[in-house]
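The residues making up each chain are set out below.
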Amino acid sequence: MVALNRFDDYQIHFNRPCLVGKELHYIAQAIHFGYSAGDGVFTRRCHALLEQELGVTKALLTTSCTDALEMAALLLQLQPGDEVIVPSFTFVSTANAFVLHGAHPVFIDIRPDTLNLDETQLERLISQRTRAIVPVHYAGVGCEMDAICAIAASHGVVVVEDNAHGLFGKYRNRYLGTFGAFATQSFHETKNFICGEGGALLINDPAYSERAEIIREKGTNRSRFYRGQVDKYTWVDIGSSFLPSDLLAAFLFAQLEARTEIQTKRKRIWEYYWNHLIDWASVLGIRLPIIPEHCEQPYHMFYLLLPTLDDRQALIAHLKSCGILSVFHYLPLHLSEMGRRFGGKEGDCPVTEEMSDRLLRLPFYNDLTEADQSRVVSALKEFKLVSTKMIPVQMPVLSQSEA
Ligand SMILES: *Cc1c(COP(=O)(O)O)cnc(C)c1O
């Protein structure tokens, strides 16, 4: 028998997909319209909403962020031996999508404060073969885009933002996802806005728009045909099927329309953890997230950095004994089985290796109640560190807008 719930052992889950209300109504409407394939009414509504709100040239829904990254790889027309710089501290897809289309991944370490790629190491890693840099806005906190874009431009390298965490986050008052030639979004059930599995490719350089439509539609010019720009559609380039059903777009549109409501809930949850944990964390030498003044975060996650791996593992076990599911991530990509095939070895990305051991994510989802959060906070405060190692903590500065 299939278990109905993967997390029955836990009273407080790490994540729960939350509905805002109109999802089923919009899906019923899509069915009523008699069109459930890709690029129907709701897909077009999602595109328009993202394009208008973010101010991007083009938004194209995809079946996942992974697929949007693959589309970016195809648009780059990578040749064997081409290199793409990706953080080691990220989800597999950030690197895999480019490797699948012929690139050699070059892993870059992260900054100890935001856990975003360390832009001061870019110059050292760029070679004649570098084609792209893929900044991941970790937890939706912007990477140092001024420096990254300047370095990329001076070497003729394309920037592809993996913005899976960062929809509606801002860097220097400008939306994340609007800096690179492309940016990718995820609507996987663990992200702020969801439709089960889904994603989007955002395009900021109009030179790529038409080919992106073709790649997304199996290598055909069907999009031009629908717009009446050609009188029949045919095979014009390589491509695949990257477009989601309009039923998923209908679900997603309900979520995107309710973005203010969703983000207000997430802000409250993030600030509750912050306000109830900041003193406790300072005393124990546990570090909380750092949000630089010039970044507006979209409240994607709340994490702790424990002094050591042993402390992190002990805390996960302690929370489990209190019925609370907490999780860690990411295993450094340069030390994974695949990463090692590309030459990755211990010591290549020391900050990544350390943070990967120390990081723990607390339960975080739109409908997490204050009562449950209060239980998480009490459980944390009962915990005793197992290590005696006290590392000096750089205390996070909270910007005025979040205080
Ligand atoms: C979730 C995530 C992805 C993958 O998103 P999918 O929509 O599941 O393909 C890629 N990159 C990062 C940083 C992510 O967090």
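Rules behind the numbers
- Residues numbered from 1 in each chain as written.
- Predicted model: local features only at pLDDT ≥ 70, side-chain atom pairs only at ≥ 80, totals over all residues.
- Heavy atoms only, no water.
- Salt bridge = Lys/Arg side-chain N within 4 Å of Asp/Glu carboxyl O.
- Helix = DSSP H or I, 4+ residues; strand = E, 2+ residues; numbered from the N terminus.
- Buried < 20%, exposed > 50% of the residue type's maximum accessible area, 1.4 Å probe, protein only.
- Patch = residues over 30% accessible without salt bridge, like charges linked within 9 Å, V, L, I, M, F, W, Y side chains within 5 Å.
- Areas by Shrake-Rupley, 256 points an atom, 1.4 Å probe, with all protein chains shown as cover.
- Axes fitted to C-alpha atoms, helices over the stretch in contact; angles between N-to-C directions.
- Left-handed = near helix turned anticlockwise from the far one by under 90°.
- Contact = heavy atoms within 4.5 Å.
- Nonpolar A, V, L, I, M, F, W, Y, C, P; charged D, E, K, R; others polar.
- Pairing = 2+ DSSP bridges.

Visitor: Before we move on, could you go through the pattern of salt bridges and cite the residues and values that matter?
Guide: The tally for this structure, following the rule as stated, stands at 20 salt bridges. Here Asp39 and Arg216 are joined by a salt bridge, their closest N and O atoms 2.8 Å apart. Remark: Arg216 occurs in helix H7 (residues 209-216) and Asp39 occurs in the loop between helix H1 (23-33) and helix H2 (41-54); sequence separation between them is 177 residues. We classify Asp39 as buried; its relative accessible area is 16%. In this structure, the salt-bridge partner of Glu217 is Arg222, at a minimum N-O distance of 3.1 Å. You can call Glu217 buried: its relative accessible area is 3%. If you follow the salt bridges from partner to partner, you end up with Lys58, Glu213 and Arg227 in one network.

Visitor: Any chance you could break down a nonpolar patch on the surface for me, citing the residues and the numbers?
Guide: A cluster of nonpolar side chains, contributed by Phe33, Tyr35, Phe225, Tyr226 and Tyr233, occupies part of the molecular surface with about 490 Å² of accessible area. Topologically, Phe33 is positioned in helix H1.

Visitor: Run through the packing of H1 against helix H9 (residues 246-257), naming residues and quoting values.
Guide: What describes two packed helices is the angle between their axes and the distance between those same axes. Viewed as axis vectors pointing N to C, H1 and H9 meet at an angle of 145°, and their least axial separation amounts to 8 Å. For the pair H1 and H9, the crossing hand works out as right-handed. Mapping the contact onto sequence places Glu23, Tyr26, Ile27, Ala30 and Ile31 in H1 and Asp246, Leu247, Ala250, Phe251, Phe253, Ala254, Gln255 and Glu257 in H9. The class makeup of the residues in the contact of H1 with H9 is nine nonpolar, one polar and three charged.

Visitor: How would you explain the sheet that holds strand S1 (residues 58-62) if you had to name every residue and give the values?
Guide: Judged by pairing direction, the sheet is mixed, and its seven strands sit side by side in the order S1-S9-S8-S5-S4-S2-S3 without closing on themselves. Here the strands that pair on one side only, and so sit at the sheet edges, are S1 and strand S3 (104-108). Each neighbouring strand pair of the sheet contributes to a mean axis angle of 25°, computed without reference to strand direction. As judged from the five bridges shared by strand S8 (residues 182-186) and strand S9 (residues 199-203), these two strands associate in the antiparallel manner. By the bridge assignment, Ser186 is partnered in S9 with Gly199. Strands in contact with H7 are S1 and S9; relative to S1, the strand with the most contacts, it is inclined by about 10°.

Function cannot be inferred from these measures alone, as they are strictly geometric.
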